[in-house]
Amino acid sequence: MITNWELFTDFGIAGGLLLCGKLLRAHITLLQKLYLPAALIAGLLALLLGSAGLDWLPWSEQFASNASILTVVLFASLGLATDFPSARTLVTRCGSLWTFNQLANVGQWAFCALMGLVLMTFIWPDLSPAFGLVLSAGFMGGHGTGVVVGETLGSMGWEDALTLALTTATVGIFVSILVGLLLIHLGLRKGWITDFARFETMSKTARKGLVPADEQGHLGRETAASISIDALAMHAALLIAVSVAAYHAAVYLSGFHELVRVPAFVTAFGLGLAARTVLKKLGGKIYFDDKIFGHCTGTASDFLVVFGIAAIKITILLNYAVPLILMVLLGIAFNLVMVLVVAPRILGENWFEKAVFSWGWLTGTVGMGIALLRIVDPKMRSRVLDDYAIAYVPGSLVDMVMISLVPVLMMKGMAFEAISGMLIYLLCIGLMWRVIKRRQAALQPATA
């Protein structure tokens, strides 16, 4: 059984690797030009120095399970800092971006599920029926969703899924930035970009990711007097309580039926939202700072990436190398169609800036999308991030339904129902887009 100090040592190793990753990122120009996050560099170091490589790191036997805990913490903190936009705001402000996000998101899940079945049926009959989902999980949700989907599929008999999902999440970050830079150069040649920031013109802060002393801000507000309780301790107490409650709620809800598998990240996000609502009703919300919870989300995400990449098993990758490479290429092709063909027809003004940002999170992470956006829109005139923040919240509920249900249905022999359900949803989104366009046109005079 793992001891408390073994668990603490795991996080100490991950923390040391994060600092090494940050040091390399700050001083190696190539890493800066690739916009690689320190967590990804740290994860690759963990893979090289861990049991899959030189075997120098004294990880505990269950160190990979730390990623599961961090996923719950990540979504709990996300829920604690999230507000739902009004329907009017959603339609008038970012209806087109929300529509595109849904088409690209659900479309990628449906496409990958279908392509996985095609590969299993016609080429590799030994593949799992849920094989395609490891790509959509890794590309769309990054290492957090990769852990969730991989563990769900593993609990249903396909133990290799976790390594494959974490691998596609890692590959996705490289794809997002490398292909994203090619898209930016295409946009320059086509005249789709009105502003552009070359690496040489970026500030030292943007290149190295270290903020000078005279530009440093505050992590958050001092919402409690330290004579009674430290403000950070108060935020941590609420976050940990919500996370632990979410885990037990997920276990309880998953015990009703064999088809009911409620991931802990779903209950974490839900309980986070509920706690936020209660605090607002009771007047306690003013003592909890969204910025602090945002840093908690980022911290959990960074450590999650390190543990996730370190848990990849190279021997499993070699067994799936050819079909996995083919799935990655198919996923890249699908997203290129969404960005270059669908996006100009839906996103309207500043469509390329929105499309480049979307490419980042469709294949890698939101952080990669932001990095690409800062290149094509260095002054943030397009307000893409503001629109995405509004469009994300209702879309996140759809993500959770898919992540929770689709893997289970695919493994239970209900692939037709899963894919058909996603296609019907996409059809509904297409019909809603027509309504949104009419609604935007009707409200335009009032908002002008």
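A quick note: this is a predicted structure, and the numbers were derived from the prediction, not measured.

## Focus: the overall build of the protein
Along the protein, the regular secondary structure elements total 17 helices and 0 strands. For the protein, the C-alpha radius of gyration of 22 Å lies close to 22 Å, the compact-globule estimate for 448 residues. Taken along the three principal axes of its C-alpha coordinates, the protein extends 65 × 65 × 50 Å. When each of the 448 residues of the protein is scored for burial, the buried share is 50%. Surface accessibility of the protein: about 21,200 Å² in total, with carbon and sulfur atoms responsible for 66%. Across the protein, the centroid of the 30 positively charged side chains sits 13 Å from that of the 26 negatively charged ones.

## Looking at the nonpolar core
In this structure, W59 and W109 are the most contacted members of the largest nonpolar core, which totals 141 residues. Setting aside its immediate chain neighbours within four residues, W109 contacts L133, S136, A137, M140, T145, V149, M402, I403, V406 and M422.

## Description of the pattern of salt bridges
For the coordinates displayed, the defined rule picks out 5 salt bridges. For D289, the salt bridge is made with R221, and the minimal N-O distance between the two is 3.8 Å. With a gap of 68 residues between them, D289 in the loop between α10 (264-282) and α11 (290-310) and R221 in the loop between α8 (204-208) and α9 (231-253) connect regions that are remote in the sequence. Assessed through its relative accessible area of 8%, D289 is described here as buried. A residue is classified by how much of its surface remains accessible, and R221, at 43% relative accessible area, is partly exposed. Salt bridges sharing partners connect three or more residues here, namely D83, R276, K280, K285 and D290.

## Quick word on the packing of helix α13 (residues 321-346) against helix α14 (residues 351-363)
Interhelical geometry of α13 versus α14 gives an angle of 160° and a closest axis separation of 10 Å. On the basis of the axis angle, α13 is roughly antiparallel to α14. Relative to α14, the crossing made by α13 is right-handed. Across from I332, N335, L336, V339, A343 and P344 in α13, the residues of α14 making contact are W351, A355, W359, L362 and T363. Within the contact of α13 with α14, the residues separate by chemical class into 9 nonpolar, 2 polar and no charged.

## Brief notes about helix α16 (residues 384-411)
The terminal C-alpha atoms of α16, which comprises 28 residues, lie 37 Å apart, in line with the 40 Å expected from a rise of 1.5 Å per residue. When the local axis directions of α16 are compared, the greatest deviation, roughly 40°, occurs at V393, which is followed within four positions by the proline P394. Following α16 by one or two positions, G413 has its phi on the positive side, about 80°.

## A few points about unusual backbone geometry
We note that Y35 has phi near 55°; this positive angle belongs to a residue other than glycine. A residue is classified by how much of its surface remains accessible, and Y35, at 10% relative accessible area, is buried. Of note in the backbone geometry, D55 takes a positive phi value of approximately 60° without being a glycine. By secondary structure assignment, the location of D55 is in the loop between α3 (38-49) and α4 (66-80). Owing to a relative accessible area of 51%, D55 belongs among the exposed residues under this scheme.

## Some points on α10
Taking 1.5 Å as the rise per residue, α10 with 19 residues should run 27 Å; its terminal C-alpha atoms sit 26 Å apart, in good agreement. Where α10 is concerned, the buried positions are A264, F265, T267, A268, F269, G272, L273, A275, R276 and L279. G283 sits one or two residues past α10 and shows a positive phi near 80°.

## Considerations on the environment of R383
Examined against the element boundaries, R383 turns out to sit in the loop between α15 (366-376) and α16. Placed 33 residues apart in sequence, R383 and N350 show a C-alpha to C-alpha distance of 9.4 Å.

## Focus on the environment of L97
On the secondary structure map, L97 appears in helix α5 (residues 87-122). Of the residues examined, L97 reaches a relative accessible area of 2% and is grouped as buried. For the pair formed by L97 and M400, sequence separation is 303 residues and the distance between their alpha carbons is 19 Å. Residue contacts for L97: discarding those within four places in its chain leaves L347, K354, S358, V384, D387 and Y388.

## Things to note about the packing of aromatic side chains
Tallied over the full model, the rule gives 16 aromatic pairs. Taking 5.5 Å as the distance between ring centres and 85° as the angle between the ring planes, the aromatic pair formed by W351 and F352 counts as edge-to-face. Through a chain of ring-to-ring contacts, three or more aromatic side chains come together here, namely F11, W59, F63, F303 and F307.

## Topic: a nonpolar patch on the surface
Together, L114, V118, F122, I123 and L326 line one region of the surface with nonpolar side chains, adding up to about 450 Å² of accessible area. In terms of residue count, the dominant contributor to the nonpolar patch is α5 (3 residues). Structurally, L326 can be placed in helix α13.

## Brief notes about the packing of α4 against α9
α9 packs onto α4 with a crossing angle of 120° between their chain directions and a minimal axis gap of 9 Å. Between α4 and α9, the interaxial angle falls into the category oblique. As α4 packs across α9, the resulting crossing turns out to be right-handed. Facing V72, V73, A76, S77 and L80 of α4, the residues of α9 in contact are L238, L239, V242, S243 and A246. Broken down by class, the residue content of the contact of α4 with α9 amounts to 8 nonpolar, 2 polar and no charged.

Rules of the game
Residues numbered from 1 in each chain as written. Predicted model: local features only at pLDDT ≥ 70, side-chain atom pairs only at ≥ 80, totals over all residues. Heavy atoms only, no water. Helix = DSSP H or I, 4+ residues; strand = E, 2+ residues; numbered from the N terminus. Rg over C-alpha atoms; globule rule 2.2 N^0.38 Å. Buried < 20%, exposed > 50% of the residue type's maximum accessible area, 1.4 Å probe, protein only. Areas by Shrake-Rupley, 256 points an atom, 1.4 Å probe, with all protein chains shown as cover. Lys, Arg positive; Asp, Glu negative; His and termini not counted. Charge placed at Lys NZ, Arg CZ, Asp CG, Glu CD. Core = buried A, V, L, I, M, F, W, Y, C linked by side-chain atoms within 4.5 Å. Contact = heavy atoms within 4.5 Å. Salt bridge = Lys/Arg side-chain N within 4 Å of Asp/Glu carboxyl O. Axes fitted to C-alpha atoms, helices over the stretch in contact; angles between N-to-C directions. Parallel < 35°, antiparallel > 145°, perpendicular 65-115°, else oblique. Left-handed = near helix turned anticlockwise from the far one by under 90°. Nonpolar A, V, L, I, M, F, W, Y, C, P; charged D, E, K, R; others polar. Expected span 1.5 Å × (residues − 1). Bend = angle between axes of the 7 residues up to and from the residue. Phe/Tyr/Trp six-rings, centres within 6.5 Å; stacked < 30°, edge-to-face > 60°. Patch = residues over 30% accessible without salt bridge, like charges linked within 9 Å, V, L, I, M, F, W, Y side chains within 5 Å.

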